[in-house]
Amino acid sequence: MKAYFRAAVLAFAVVIAAASTAVAAKTFTIAPFEVNGSSAYKYLEKSVPDMFASRLFWQGNFEPAKKTGTTVKIAPTDQAAAAKALSNAGADYIIWGSVTVIGENCSIDTRVLDKAGKTWPISRESTVKKLIPDLRQISDAISAEVFNKPQGKTAQSRQPQQVERVNQMNPDLVRNETTSAEVYINPQFRYAGGSGDDSRLRSQTLNYPSLGMEICDATGNGKLEVFILEERRLHAYRFDADNKLQPLGVFELPATQYALSVRSMDVDFSGRNSIILNAKDSDEDFVTRILTFDGQNFKETARANGIYLNVVNMPPLYSPRLLGQRSDRPKLFKIGVQEAYVKNGKISLGAPLALPKGFNVFNFSCVPAGVDKADAAKYVRFDDGERLLVYSEKGARMSSTEDRYSGATQGIAVNAAMPGMGKDTVIQDEIYYIPMRILVTDLDGDGNHEVIVNKPISTAALIFGNYRSFPQSEIQSLQWDGIGLSLVWKTRRIKGSVTDYTIADPNGDGVSDLVVCVNTHPGALGAAARKTMVILYPLDLSKADPDTQPSISE
């Protein structure tokens, strides 16, 4: 009996030891980096830490500290200040440093400090164009020297087996039909229906049609809120354990104003995202608001008339930048997209961006360079017919798609005679439709980014330019193949009209989802009966490096 008891105690001790080992992940926090140079590079204060956080993440070993309310908001000036910030954050390590930019050259000075007071200095001379690869090298050096992370993983080691598994991220994502695989009866056949109840999750229906959606942490508590835009209201929700949207609060526009788009960004480096709400009044004049949300109530912190705002991931780090463009009524835009800033309740515009002709604050996104040296960075934008155009980083037009995408539903009345705008405006019968987001992401972690867009499907829309109640839609992932954008995968047909989409984990289950906001389609004459639903497609990213969080940009 004693022998059995000793064996049981020993087994229990082994289990406890294993459990303690499993939860012994070290944590780190990253302070804002001090930026020395032109104010145009101020965004690096937060962009550099964001990139380090993604690259340093090593699941189960080294993860960001999650202690609520301990985000480091001020760049430490010395080691003593860093040690204090580390203590306040409750983490095991803190990373801080500075970036100095002089012309096209820059230097990166990085410091790592642990609780015992040991430091690891890592510095590198670089250029603005090489900032991303050099930051990756620094983060890899930190992982190896500080965290002792094995550096043997390569893109080759993450390649699929010889027999590729179709729909590897989600059964409702259909890969390019020209790719043969065992799952298909014939490689030219495409399945039309869903393949299982667990391949996508649906929220309850909401009794109003939506115009857009944004998912972010607006409260700073580490949980994501879902913001859904109605014609005159912005609704805040959070998913519960049953994947139902629980209402948190509502922001109402004045009766004379109509919502156009919603985006989010940490505009004040507070650790919580602000909501950027674009609207128009009855005279088609623009009104832009910056809102904060505390979990129950919205608060307007800034407002500007006659300025359009958007958030775009811009080079060299492809991190979120607040961009603006002045309106020019009764036309549309004044020429030139500019940096935008929010300070002391005011929205102001700064330096103009060097963008090719035809670009405006809403219609473009940036694609980072791929693994192949020949696959350089690019711009993608929507043209007047909602086709996707691809430009080189120097502004040379490279290709155009035959298919039309976006399918946005909300527009602005425009005077069609607009000198200087030419064919490069999305004008259909004097209506400019605010384009949907162009999502740029590297989901599979192979270093080559895909362009994710919405493709509306409607015969009537091909005849009537202002027909915007699409009965079906698809989300498509496209990738540059050296000649043009080719299909990588697409969702099965979505019954209804997609109004927005993104990649996030809104239900907090630890799995990244393709999140799609959809308006139901009760028929051409049933517009008043349209309702909203949010669909989650859980993504199996097991073929990507599990130690690196997905790189997502817009």
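Here the structure is shown first, and the text comes after it.
Thresholds, definitions, all that
What you see as residue numbers is a count from 1 along each chain, following the sequence as written. A pLDDT threshold of at least 70 governs which residues receive local features in this predicted model, and a stricter bar of 80 or more applies before side-chain atom pairs are shown or counted, although totals over entire chains, interfaces and linings include all residues. Only hydrogens and water are set aside; all other atoms, that is, all heavy atoms of the structure, feed into the side-chain values. Secondary structure elements are defined from DSSP: runs of H or I of at least 4 residues count as helices, runs of E of at least 2 residues count as strands, and each element is numbered from the N terminus. Contacts are assigned to residue pairs that have any heavy atoms within 4.5 Å of one another. Surface accessibility in these figures is a Shrake-Rupley result with a 1.4 Å probe; residues are shielded only by whichever protein chains are displayed. Under the scheme applied here, a residue whose accessible area is under 20% of the maximum for its type counts as buried, over 50% as exposed, and between as partly exposed, the area being computed with a 1.4 Å probe on protein chains only. Each pair of strands is called paired provided DSSP finds at least two bridges between the two strands. Ring pairs are drawn from Phe, Tyr and Trp, using the six-membered ring of Trp, whenever the two centres fall within 6.5 Å, and their geometry is named by plane angle: stacked under 30 degrees, edge-to-face over 60, tilted for the rest. By the criterion adopted, a ring carries a charge over it if an Arg CZ or a Lys NZ lies within 6 Å of its centre and within 35 degrees of its normal. Angles shown run from 0 to 180 degrees and are taken between the N-to-C directions of axes, each axis being a line fitted to C-alpha atoms and, for helices, limited to the stretch in contact. Helix span is expected to be 1.5 Å times the residue number reduced by one.

In this section: the overall build of the protein. Within the protein, the secondary structure is distributed over 5 helices and 36 strands. Here the analysis covers contacts within the protein between residues at least 6 apart in sequence; of these, 53% occur between residues at least 24 apart. Carbon and sulfur atoms form 51% of the exposed surface of the protein, whose accessible area is close to 25,800 Å².

On to the pairing of strand 22 (residues 378-382). For strand 22, the tally of buried residues reaches 5 of 5 residues, placing the bulk of the element in the interior. Neither face of strand 22 is left uncovered, since the one carrying K378, V380 and F382 and the one carrying Y379 and R381 both have all their residues buried. Of the strand pairs in this sheet, strand 21 (residues 364-367) and strand 22 are connected by 4 bridges, and their pairing is antiparallel. Each bridged residue has a counterpart across the sheet, and for V367 the counterpart in strand 22 is K378. Two strands pair when backbone bridges link them, and strand 22 and strand 23 (residues 388-392) are joined in this way by 5 bridges, in the antiparallel orientation. Bridging across to strand 23, F382 finds its partner in L388.

Under the defined criterion, the tally for this structure stands at 20 aromatic pairs. Here the aromatic rings of F359 and F364 are separated by 5.4 Å at their centres, their planes lie at 50°, and the arrangement is tilted. The buried category is assigned to F359, whose relative accessible area is 9%. Here the aromatic residues F28, W58, F62, Y93, W120 and F147 are joined through ring pairs into a cluster of three or more. Above the plane of the ring of Y405 lies K455, whose end atom (NZ or CZ) is 5.7 Å from the centre.

Spatially, 9-10-11-12 is the arrangement adopted by the 4 strands of the open sheet, whose pairing is antiparallel. This sheet does not close on itself; its edge strands, each paired only once, are strand 9 (212-216) and strand 12 (245-252). Taken over all neighbouring pairs, the strand axes of this sheet differ in orientation by 20° on average, direction set aside. Inspection of the sheet shows strand 10 (residues 225-229) paired to strand 11 (residues 233-239) by 4 bridges, in the antiparallel sense. By the bridge assignment, L229 is partnered in strand 11 with L234.

Here the focus is helix 2 (residues 44-56). Along its 13 residues, helix 2 runs 17 Å from first to last C-alpha, staying within 8% of the 18 Å computed at 1.5 Å per residue. Regarding helix 2, the residues found buried are L44, S47, V48, P49, M51, F52, S54 and L56.

Another point: the sheet that holds strand 22. An order of 21-22-23-24 is seen for the 4 strands of this open sheet, with the pairing classed as antiparallel. Strands at the two margins of the open sheet, each flanked by one partner only, are strand 21 and strand 24 (397-400). Taken over all neighbouring pairs, the strand axes of this sheet differ in orientation by 25° on average, direction set aside. Two elements, strand 23 and strand 24, share 3 bridges in a ladder whose sense is antiparallel. Paired with L389 across the strands is S400, a residue of strand 24.

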